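# Understanding the architecture of this molecule
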Amino acid sequence: MNDREPGDVQFDEESGEGDSLAVERDFDLALSAQAQEKVAEIDAALDRIIDGTYGICVTSGQAIPKDRLRAIPWATERIEYKVGGLGRRH
């Protein structure tokens, strides 16, 4: 056990916990990726505040309703464009 690297997982029948540890690790990695994505979205929203485009839908160019921005301050699209692309149909 002492000669194993951190993160090494034993996947033989004796360990029994290899599968659980792998699943937990994958779950942690997924959560970390989601958090990093959210930070990037927030950073982009801060950049839009600086350049004066915050609150403007990137698809339509129309203002994003204040209620939507209160709920999701990093929103880039109006709800009708975000949900399944309904607003994009002509």
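Right, let's walk through the structure included here.

Cut-offs used in this document
Residues numbered from 1 in each chain as written. Predicted model: local features only at pLDDT ≥ 70, side-chain atom pairs only at ≥ 80, totals over all residues. Heavy atoms only, no water. Helix = DSSP H or I, 4+ residues; strand = E, 2+ residues; numbered from the N terminus. Buried < 20%, exposed > 50% of the residue type's maximum accessible area, 1.4 Å probe, protein only. Lys, Arg positive; Asp, Glu negative; His and termini not counted. Salt bridge = Lys/Arg side-chain N within 4 Å of Asp/Glu carboxyl O. Contact = heavy atoms within 4.5 Å. 1 Å grid on protein atoms, 1.4 Å probe; cavity = no way out; pocket = protein on both sides within 12 Å on 5 of 7 lines; lining within 4 Å. Points joined across faces, edges and corners; volume = space filled by probe spheres on them. Nonpolar A, V, L, I, M, F, W, Y, C, P; charged D, E, K, R; others polar. Core = buried A, V, L, I, M, F, W, Y, C linked by side-chain atoms within 4.5 Å.

## Topic: the side chain of R48
If you trace the backbone, R48 turns up in helix 1 (residues 18–51). It is D51 that comes nearest to the buried, bridge-free R48 among opposite-charge side chains, at 6.8 Å. If near-sequence neighbours (up to four positions away) are discounted, R48 is found in contact with T53, Y54, W74, A75 and T76.

## Some details on the pattern of salt bridges
Within the structure shown, the criterion is met by three salt bridges. Residues K38 and E41 are paired through a salt bridge, measuring 3.0 Å at the closest nitrogen-oxygen approach. Of the two residues, K38 and E41 both sit in helix 1, three residues apart, roughly one turn of that helix. Across the pair R70 and D67 runs a salt bridge whose closest N-O atoms are separated by 2.6 Å. With R70 and D67 both in helix 2 (residues 66–71) and three residues apart, the pair spans about one turn of that helix. Looking at D67, the relative accessible area reads 59%, which means it is exposed.

## Remarks on the layout of surface pockets
Within this model, the largest pocket holds a volume of roughly 150 Å³. When grouped by side-chain class, the residues that make up the lining of the largest pocket number four nonpolar, one polar and six charged.

## Side note on the nonpolar core
C57, I64, L69, A75 and Y81 form the largest nonpolar core, which has five residues in total. The residues contacting I64, other than those within four sequence positions of it, are G55, I56, C57, L69, A75, T76, E77 and R78.

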